[in-house]
Amino acid sequence: MSASEAARQRVEALRREIEYHNFRYYVLDQPVISDAEYDALMAELQALEAAYPELVTPDSPTQRVGAPPAQAFAAVRHEAAMLSLDNAFTEQEVRDFDRRVRDRLEVETVEYTAEPKLDGLAVSLLYEHGRLALGATRGDGFVGEDVTANVKTIRAIPLRLRGSDWPERFEVRGEVFMPLEGFRKLNAWALEHGEKAFANPRNAAAGSLRQLDPGVTAKRPLEFYAYGVGFFPKQRLPETQAGLLACFKEWGLPVARELKVVSGVEGCLEYYRDLLARRPSLPFEADGVVYKVNRLAWQERLGYTARAPRWAIAHKFPPHEVTTVVEAVEVQVGRTGILTPVAKLKPVPVGGVVVSSATLHNFEEVKRKDVRVGDTVIVRRAGDVIPEVVKVIPEKRPLAARPVEPPTRCPVCGAEAVADPGGALIRCSGGLYCPAQLKAALKHFASRRALDIEGLGEKLIDQLLEKGLVKDVADLYSLRPEQLAELERMGAKSAQNLIQALEGSKSTTLARFLFALGIREVGEVTAQILAEHFGSLEKLMAADESELEQVPGIGPVVAKHIAAFFRQPHNLNVIERLRRAGVHWQTPQAEPRPLVGKTFVFTGALTAMTRDQAKARVEALGARVSESVSRATDYLVVGAAPGAKLDKARRLGVTIIDEQEFLTLLHQFEAPGRG
DNA sequence: GATCCTCGAGTTCT
DNA sequence: CTCGAGGATC
């Protein structure tokens with residue numbers, strides 16, 4: 001046997017092995033080797049092909065990234081039109097669909113396949129003699145674009161099929177999509193490299209597949225699943241849709257893992273509810289469920305309307321992104337006087353809750369997005385929680401829509417509104433004379449992270465201010481039960497509880513007290529630093545600007561705000577009265593602080609305690625807790641379902657510990673001297 | 001002077 | 001979560 005014959009055999013064996021592992025990974029979801037081992041196989045194949053170029057074939061796994069960039073994609077006419085599906089938005093619409101199917105077929109119950117509808121890009125793949133010959137986008141359903149070079153880079157798509165019982169020529173229809181993990185990583189990478197992030201996985205998948213340079217597509221975490229056929233020799237079709245998909249799997253084409261055969265419309269709806277409940281934990285973005293009549297002969301009898309098959313329907317999930325109308329733009333006044341524009345929206349359900357307002361952050365942002373009253377806008381819940389105006393739909397702008405002008409006066413107290421040095425923010429200059437600022441200051445003072453006065457909420461603060469019972473934070477401690485009894489929804493018991501909570505709040509820490517005062521630019525972290533550095537309120541109050549600037553983390557701006565705060569007679573008066581009312585704290589005593597200088601970051605959910613508790617415990621040992629991972633981070637503590645911080649930590653080589661190791665570490669340092 | 005980290009502040013709905 | 005900007009660092 002010649003050397004090149006041995007090489008030829010080895011090359012073929014390597015290709016089969018790589019294809020087998022793709023099959024295990026993408027089709028069976030049961031990989032049997034590590035990524036590193038897979039990479040080693042690829043490396044060996046590449047080396048051999050480099051040494052024996054005559055052995056390279058177009059369907060070798062090394063040839064996934066091929067052809068130089070074209071100028072544009074060629075048009076491809078689909079042999080069978082790629083129709084879209086009809087949509088159902090309610091259970092009733094699904095029942096109607098089932099009724100139409102049963103009426104036409106004249107049967108009692110129909111079996112359906114049910115599978116998630118992923119938010120990606122529909123493609124058609126033509127296989128000839130078991131080899132991928134053409135990949136095309138859906139386009140308008142009749143003519144798409146030739147994206148063969150790009151789909152070849154997707155490892156989930158086999159370049160040659162397994163086995164041999166496939167038709168000589170047939171067309172697979174399926175969806176190219178980007179799993180959420182890959183999407184997040186791609187966006188994190190884009191942001192780090194100063195590039196624009198994709199708005200959602202769908203856009204990312206579409207943008208990646210439509211790259212002129214397949215080399216770019218190859219780097220994108222795209223996947224694929226098959227859900228149907230275009231051209232297919234009729235005599236070779238199995239009896240059912242599920243049977244067809246089973247064949248696909250055998251041939252090495254991935255199908256949806258969640259695919260299920262269900263009985264009747266009730267089976268469909270049960271499947272839908274189950275998947276909807278699991279939606280937040282799915283590894284991909286699903287926009288609904290697709291039901292198809294399982295029996296292919298019945299599909300044929302049902303046929304097509306002009307637009308869509310009669311034997312399938314897409315049952316949509318409530319959308320995360322939705323359009324609505326801006327009815328007004330209100331201006332809110334924050335604790336520090338910052339004027340924040342808030343869009344009042346025509347109430348609309350977004351991802352399960354009804355949203356009626358969304359922050360616009362600041363007036364620069366309003367200008368940038370050009371949001372006007374009367375505009376139709378796209379709204380989504382950022383991080384699936386906080387509503388956000390994504391953008392205006394300019395085509396739907398009514399002629400009467402008027403631009404939003406930044407206010408020149410505070411809408412609450414009428415004081416002059418002045419631009420912050422940075423320019424983006426506008427502030428009310430009324431200070432604590434502005435009722436809105438005073439109210440926010442009281443709320444802040446009572447908040448959990450400040451003096452933690454339980455039961456003193458917004459409604460109560462409103463009443464206290466209205467009745468003139470409270471004019472500043474110190475007045476809170478002069479409240480008497482009989483005064484409280486006059487208020488609405490305030491019985492003897494509630495009044496007693498509030499007095500109790502006020503009493504309890506008097507025992508605090510210097511850091512909390514400083515934070516509660518609401519000094520500009522002094523948040524929780526800075527308050528902690530000041531408390532540690534100065535040790536007592538007296539020393540801090542005696543410090544001048546230059547002394548303050550010596551403290552790490554305090555610069556000229558913050559120093560100025562602190563010094564100015566303690567020069568205000570009003571503030572000195574409030575502090576004096578608070579202390580006389582009995583607000584006090586322990587002088588922090590020197591405890592063993594074994595973790596001084598260490599920085600911790602948490603990601604994911606902990607089980608044994610909340611993140612706040614974990615934070616308090618490591619801080620008690622002298623460590624610092626930060627929100628984001630950087631080179632300065634010493635430990636990343638990883639809980640369940642970690643976020644992007646984990647990737648960053650890996651990249652930076654930060655020590656990563658799990659919850660168990662974290663607990664061990666705590667015990668190790670906490671145990672001695674404390675029992 | 002530019003760049004990278006952090007921090008502060010404000011935010012929705014149940 | 002998001003934006004803006006203060007502080008540290010080179």
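Further up the page is the structure itself.
All figures in this text were calculated on a predicted structure; none of them were measured in a lab.

**What about the sheet that holds strand β8 (residues 223-229)?**
Taken in spatial order, the 4 strands of this open sheet run β5-β4-β7-β8, and their pairing is antiparallel. The open sheet has two free edges, formed respectively by β5 (131-137) and β8, since each of these has just one partner strand. Averaged over all adjacent pairs, the angle separating strand axes in this sheet is 35 degrees, with direction ignored. By the bridge criterion, 6 bridges tie strand β4 (residues 121-128) to β5 in an arrangement that is antiparallel.

**Considerations on the packing of helix α20 (residues 556-567) against helix α21 (residues 569-581)**
Relative orientation and spacing of two packed helices are given, respectively, by the angle between their axes and the distance between those axes. Contact geometry for α20 and α21: axes closest at 5 Å, N-to-C directions at 75 degrees. The angle between the axes of α20 and α21 places the two elements in the roughly perpendicular class. Within the contact between the two elements, α20 uses Phe565, Phe566 and Arg567 and α21 uses Pro569, Asn571, Leu572 and Ile575. Tallied by class, the residues present in the contact of α20 with α21 amount to 5 nonpolar, 1 polar and 1 charged.

**Structural notes on helix α1 (residues 3-27)**
Compared with an ideal rise of 1.5 Å per residue, which puts 25 residues at 36 Å, α1 spans 35 Å between its outermost C-alpha atoms and is within 8% of the ideal. When α1 is considered as a whole, its buried residues turn out to be Ala7, Val11, Leu14, Arg15, Ile18, Glu19, His21, Asn22, Phe23, Arg24, Tyr26 and Val27. Residues of α1 that are buried make contact with α2 (35-51), β8 and α8 (241-250). One or two steps after α1, the chain reaches Asp29, where phi turns positive at roughly 60 degrees.

**Topic: the nonpolar core**
Grouped together as the largest cluster of nonpolar side chains are 55 residues, with contacts concentrated most on Ile453, Leu476, Leu514, Leu548 and Leu578. At the level of secondary structure, the elements contributing two or more residues to this core comprise α12 (435-446), α13 (458-466), α15 (492-505), α16 (510-517), α17 (524-534), α18 (537-542), α20 and α21. Each of two domains, domain 4 (431-505) and domain 5 (510-585), supplies a minimum of three residues to this core. With sequence-adjacent residues up to four places away left out, Leu548 is seen in contact with Leu530, Phe534, Leu540, Ala543, Ile554, Ala559, Ile562 and Ala563.

How each quantity is defined
- Residues numbered from 1 in each chain as written.
- Chains lettered and ligands numbered in written order.
- Predicted model: local features only at pLDDT ≥ 70, side-chain atom pairs only at ≥ 80, totals over all residues.
- Heavy atoms only, no water.
- Pairing = 2+ DSSP bridges.
- Helix = DSSP H or I, 4+ residues; strand = E, 2+ residues; numbered from the N terminus.
- Axes fitted to C-alpha atoms, helices over the stretch in contact; angles between N-to-C directions.
- Parallel < 35°, antiparallel > 145°, perpendicular 65-115°, else oblique.
- Contact = heavy atoms within 4.5 Å.
- Nonpolar A, V, L, I, M, F, W, Y, C, P; charged D, E, K, R; others polar.
- Expected span 1.5 Å × (residues − 1).
- Buried < 20%, exposed > 50% of the residue type's maximum accessible area, 1.4 Å probe, protein only.
- Core = buried A, V, L, I, M, F, W, Y, C linked by side-chain atoms within 4.5 Å.
- Domains from an automatic or database assignment.

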